Amino acid sequence: MDAVSMRPVRLTMDFLKNAHSSCLVEFGNTRVIVSAMAEEGVPEFRMEKGGWITAEYAMLPASTPRRKQRDGAKKDGRGVEISRLIGRSLRSGFELSEIPGYTIRVDCDVLDADGGTRTASITGAFCAVYDLLRKLTEQGKLPKMPGCKNIAAISVGMVDGEYMLDLCYREDSNAEVDMNVVMSGDGGIIEIQGTGEKHPFTYEQMQDMLALAKDGIFQLFDLQNEVLMKGE
């Protein structure tokens, strides 16, 4: 495989004043502000089973060159799909049984979109939720820090026959293959979303792209751990 690299990635904790926890995540020119808020109470189906984590994703109107209309009564289908992806990913990383009585609501708002907004959201959301649970533990609202595994995501694909990691919008719009990969800190795969945009891709190519994605995600794990350790 050709040597490839991610765009510059930056995670800034406690970016918002009023949020219980927040993280500004930047993948190149893509910027997403993630907030996490704790509420007492859980959905009925979680009664006696522990806590719950849910997420909402939206793009602000000026996040793209052409103004994006705000969600109204009718939700943007893409935004709903990404919201569910973020929620599923986060729930796989935390022991919900050890967050009794709390619902964690995560909001991911895209400030600037230049490709990879869903993967940036997932990567920053893990940091925000971890930090929030740590604060609840320090405040005595949880008996102990819930068990967890790092969760991060990256895009990977093929552009002009070459493998690429963390695609920007220009690369993504010209990709023959576009794939988003979500993984946990133990190397497990949480979700793969891959499409042959222009033609089918082979099993061997998929393996190469997954290996490339894994390398990038483990770099993100290191960055997450670095910024989260500063708060301890």
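Residues numbered from 1 in each chain as written. Predicted model: local features only at pLDDT ≥ 70, side-chain atom pairs only at ≥ 80, totals over all residues. Heavy atoms only, no water.

**Points about the overall build of the protein chain**
Within the protein chain, the secondary structure is distributed over four helices and nine strands. Order of helices (α) and strands (β) in the protein chain, N terminus to C terminus: β-β-β-β-α-β-α-β-β-α-β-β-α. What you see for the protein chain is a C-alpha radius of gyration of 18 Å, in line with the 17 Å of a compact globule of 232 residues. Counting only C-alpha atoms and orienting by the principal axes, one finds that the protein chain spans roughly 55 × 40 × 35 Å. Counting across all 232 residues of the protein chain, residues that qualify as buried make up 49%. (Helix = DSSP H or I, 4+ residues; strand = E, 2+ residues; numbered from the N terminus. Rg over C-alpha atoms; globule rule 2.2 N^0.38 Å. Buried < 20%, exposed > 50% of the residue type's maximum accessible area, 1.4 Å probe, protein only.)

**So, the packing of helix 1 (residues 77-91) against helix 2 (residues 117-138)**
At their nearest, the axes of helix 1 and helix 2 sit 10 Å apart, and the two run at 40° to each other. Comparing their axes, helix 2 and helix 1 come out oblique. As for the relative orientation of helix 1 and helix 2, their crossing is right-handed in sense. Facing Arg 78, Glu 81, Ile 82, Leu 85, Ile 86, Ser 89 and Leu 90 of helix 1, the residues of helix 2 in contact are Thr 117, Arg 118, Ser 121, Ile 122, Ala 125, Phe 126 and Val 129. Of the residues that constitute the contact of helix 1 with helix 2, the class distribution is eight nonpolar, three polar and three charged. (Axes fitted to C-alpha atoms, helices over the stretch in contact; angles between N-to-C directions. Parallel < 35°, antiparallel > 145°, perpendicular 65-115°, else oblique. Left-handed = near helix turned anticlockwise from the far one by under 90°. Contact = heavy atoms within 4.5 Å. Nonpolar A, V, L, I, M, F, W, Y, C, P; charged D, E, K, R; others polar.)

**Some words on the side chain of Thr 30**
Looking at where Thr 30 falls in the secondary structure, it is placed in strand 3 (residues 30-40). Thr 30 sits in the buried class, given a relative accessible area of 0%. Of the polar contacts made by the side chain of Thr 30, one reaches the backbone nitrogen of Asp 114; its length is 2.8 Å. The residues contacting Thr 30, other than those within four sequence positions of it, are Arg 7, Val 25, Asp 112, Ala 113, Asp 114, Gly 115, Gly 116, Thr 117 and Ala 120. (Polar contact = N/O pair within 3.5 Å; in protein donor to acceptor, adjacent residues only side chain to side chain.)

**Examining the pattern of salt bridges**
Following the criterion strictly, the structure yields twelve salt bridges and no others. Note that Asp 131 is salt-bridged to Arg 134, the shortest N-O span being 2.9 Å. With Asp 131 and Arg 134 both in helix 2 and three residues apart, this pair spans about one turn of that helix. Of the two residues examined, Asp 131 and Arg 134, each falls in the buried class. (Salt bridge = Lys/Arg side-chain N within 4 Å of Asp/Glu carboxyl O.)

**Notes on the pairing of strand 3**
When strand 2 (residues 21-27) meets strand 3, the two strands line up antiparallel, connected through seven bridges. Bridge pairing in strand 3 links Val 25 to Val 32. Turn length for the strand 2-strand 3 hairpin, with the two strands adjacent in sequence and antiparallel, is two residues, and the turn residue Gly 28 shows positive phi of about 60°. (Pairing = 2+ DSSP bridges.)

**Quick look at the sheet that holds strand 8 (residues 177-184)**
Across the sheet, four strands lie side by side as 7-6-8-9; this open sheet has antiparallel pairing. One side of each edge strand has no neighbouring strand; the edge strands of this open sheet are strand 7 (162-165) and strand 9 (189-196). Between one strand and the next, the sheet's axes are offset by a mean angle of 15°, whatever the strand orientation. The strands touched by helix 2 are strand 6 (151-159), strand 8 and strand 9; relative to strand 6, the strand with the most contacts, the crossing angle is about 160°. Packed onto the sheet, helix 4 (residues 203-229) meets strand 6, strand 7, strand 8 and strand 9 and runs at close to 140° relative to strand 6.

**As for the sheet that holds strand 5 (residues 102-112)**
With mixed pairing, five strands are arranged side by side in an open sheet as 1-2-3-5-4. With one partner strand each, in any of the chains shown, strand 1 (9-13) and strand 4 (52-59) form the two edges of the open sheet. Within the sheet, the average angular offset between the axes of one strand and its neighbour, ignoring direction, is 15°. As judged from the eight bridges shared by strand 4 and strand 5, these two strands associate in the parallel manner. Residue pairing in the sheet places Trp 52 in a bridge with Thr 103 of strand 5. In the packing of helix 1 onto the sheet, the strands contacted are strand 4 and strand 5, and the crossing angle to strand 4 comes to about 145°. Strands in contact with helix 2 are strand 1, strand 2, strand 3, strand 4 and strand 5; relative to strand 3, the strand with the most contacts, it is inclined by about 35°.

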